[in-house]
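# Structural description and commentary
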Amino acid sequence: MTAQLQIGQLIFRPGQSLPTISSDRPSLAGILLRGKPAQSAPQQLARLYSLCGESHRITAQLAIDAAAGLRTQATSQERLKLMAETMREHVRRIWLDWPRLFAQPDQNMTIAALQSLRDCPLLMEHNVDNLLAASSRFRQWIESAVLGESAPEWLTAWQTNPIECMLDWVARAHTFPAKLLRDIEYDAVQIQTSATPFVPHSKIEILHALARRIETVEDFERAPSNADMVCETGIWTRLDGFGEIRSLGNNLWLRMGARIAELVLLSEWQQAQNRLALGSLMLAPGLALAWCEMARGLLLHWVRLEHTGATQCITDYRVVAPTEWNFHPSGVVAHALAAMPIARDAIAQAQVTRQVNILAAAFDPCVNYKIEFEHA
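The text that follows walks through the structure, step by step, so that each part is easy to find. (Residues numbered from 1 in each chain as written. Predicted model: local features only at pLDDT ≥ 70, side-chain atom pairs only at ≥ 80, totals over all residues. Heavy atoms only, no water.)

## A look at the pairing of strand S5 (residues 278–284)
In the sheet, S5 pairs with strand S6 (residues 287–294) via six bridges, with the strands oriented antiparallel. Bridge pairing in S6 places Ser280 opposite Ala290. Hairpin remark: S5 followed by S6, antiparallel, with two residues in the connecting loop; positive phi at Gly286, about 85°. (Pairing = 2+ DSSP bridges. Helix = DSSP H or I, 4+ residues; strand = E, 2+ residues; numbered from the N terminus.)

## Remarks on the layout of surface pockets
In this model, the second largest pocket occupies a volume close to 250 Å³. Surrounding the second largest pocket, 18 residues form its lining, Ser27, Leu28, Ala29, Glu221 and Val319 being those nearest its centre. Listing elements by their share of the lining of the second largest pocket, those giving two or more residues are helix H1 (29–33) and strand S8 (311–320). If one sorts the elements of the lining of the second largest pocket by residue count, S8 sits on top with four residues. Classifying every residue of the lining of the second largest pocket by side-chain character gives eight nonpolar, two polar and eight charged. (1 Å grid on protein atoms, 1.4 Å probe; cavity = no way out; pocket = protein on both sides within 12 Å on 5 of 7 lines; lining within 4 Å. Points joined across faces, edges and corners; volume = space filled by probe spheres on them. Nonpolar A, V, L, I, M, F, W, Y, C, P; charged D, E, K, R; others polar.)

## Considering the sheet that holds strand S2 (residues 21–23)
Taken together, the three strands give an open sheet; going across it, the order is S2-S1-S9, and neighbouring strands pair in mixed fashion. Each of the sheet's edge strands pairs with one partner strand only, and the pair in question is S2 and strand S9 (368–371). Neighbouring strand axes in the sheet, compared pairwise and without regard to direction, differ in orientation by 25° on average. Bridge analysis of strand S1 (residues 9–12) against S9 gives four bridges, and the strand direction is parallel. Considered in S9, the bridge of Gln9 is made with Asn368. Where helix H17 (residues 346–363) meets the sheet, it contacts S1 and S9, and its direction lies at approximately 155° from that of S9. (Axes fitted to C-alpha atoms, helices over the stretch in contact; angles between N-to-C directions. Contact = heavy atoms within 4.5 Å.)

## Let's talk about helix H4 (residues 76–102)
Between its first and last C-alpha atoms H4 spans 38 Å; for 27 residues at 1.5 Å apiece the expected length is 39 Å, and the two agree. Along its length, H4 reaches its greatest deviation from straightness, about 35°, at Arg93. Across the 27 residues that make up H4, a large majority, 22, are buried. (Expected span 1.5 Å × (residues − 1). Bend = angle between axes of the 7 residues up to and from the residue. Buried < 20%, exposed > 50% of the residue type's maximum accessible area, 1.4 Å probe, protein only.)

## As for the environment of Leu33
Inspection of the secondary structure puts Leu33 in helix H1. On the accessibility criterion, Leu33 (0% relative accessible area) is buried. Distance from Leu33 to Thr315, taken between C-alpha atoms, is 8.0 Å for residues 282 residues apart in sequence. If we ignore the near neighbours within four places in the chain, the residues touching Leu33 are Ala41, Gln44, Leu45, Ile314 and Tyr317.

## Structural notes on the nonpolar core
Judged by nonpolar contacts, the single largest core of 108 residues is most densely connected at Trp95, Phe138, Trp154, Trp169, Leu181 and Tyr317. Excluding anything up to four places from it in sequence, Trp169 contacts Val146, Leu147, Glu149, Trp154, Thr175, Pro177, Ala178, Leu181 and Ile260. Residues Cys231, Ala277, Leu281 and Trp291 belong to the second largest nonpolar core, which totals 17 residues. (Core = buried A, V, L, I, M, F, W, Y, C linked by side-chain atoms within 4.5 Å.)

## As for the environment of Leu265
Structurally, Leu265 is set in helix H13 (residues 252–267). Judged by relative accessible area, which is 11%, Leu265 ranks as buried. As a C-alpha pair, Leu265 and Ala74 span 191 residues in sequence and 21 Å in three-dimensional space.

## Remarks on the pattern of salt bridges
The full count for this structure, using the stated rule, is 24 salt bridges. A salt bridge links Arg213 to Asp228; its shortest N-O distance comes to 3.6 Å. Taken together, the residues Arg213 in helix H11 (residues 204–216) and Asp228 in the loop between H11 and strand S4 (231–232) connect sequence positions 15 residues apart. Assessed through its relative accessible area of 65%, Asp228 is described here as exposed. One salt bridge in this structure joins Glu232 and Arg255, with 2.8 Å as the shortest N-O distance. Taken together, the positions of Glu232 in strand S4 and Arg255 in helix H13 put the pair 23 residues apart, joining distant regions of the chain. Arg255 sits in the buried class, given a relative accessible area of 4%. Connected through salt bridges with shared partners, the residues Glu89, Arg92, Arg93, Asp97, Arg100, Arg259, Arg296 and Asp364 form a single ionic network. (Salt bridge = Lys/Arg side-chain N within 4 Å of Asp/Glu carboxyl O.)

Written out as structure tokens, the structure is:
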């Protein structure tokens, strides 16, 4: 695993009144790219936001090309790369973050889990030309290492009733993800969350309105809103995915189950190539908005270009990441933190810390965080 750059930090204040989240994450895209040649943006942003570098690279290229009047549609290779990175991120978060945040698996299980992670075909194969050839092996890996059973049967159960699917699955399966989810079931079910789903790419007029807000509202990318509403984005709110499931429950356990479900859905690559939204919109000559649904939610890139001699240069560039929506000071995670009890002693703080870690694992910020209790 390569080291990944993380810029900034979130501070969580459970049991306190809103705002329960603060962030020192800077808006660096405009500073980094202003005055630079347009075609330098994809590579530079991929390095800057290396945790999901491919998603940023693809979205930046779409934004630049749309602003230049070249295209607004993604290629099949770009869609394949987006799917592959999203699935890799799901696998990494389950195997590397979930145990660190809320579990204490026994040593033998940890060793077996790390071995299965090393055997994951998708982590071993990054050449796009070979990804499709690896898809059947990846599907087999999911059935053995993630589900412990047939993927189509598991997915049918999830789509029929996700609550019953999760309860039955974690009770019978012996895989690493099933054990982790079984261990946190009680705590995760207790934490209820509710927010307005953020799916602006469903209508072009919403995209235009959003682009105007990105352009005109100061520091929009640090505290975004949609028509003055703070929204949620992520696996749980996918445009094509889980609308009917949201009505069954808004707890963290189902949100984490949705990560498993999307991993299974995306592993059927031939049927899933349009499941993640990816596109761009030319707003005016030299001005564009691009978007993609990546592992943490909807990513937006907004760009303004101008000609400097024979070169198109960037005069302004803004990135609105999923973390800024979900971890908004008045957003879905902030409200869940405010609803937690005040922890005044070490035992209470340990319990609340576990709840905060489950909350963070469910919404998956792309930066580190620390917890501050009231008396600190």
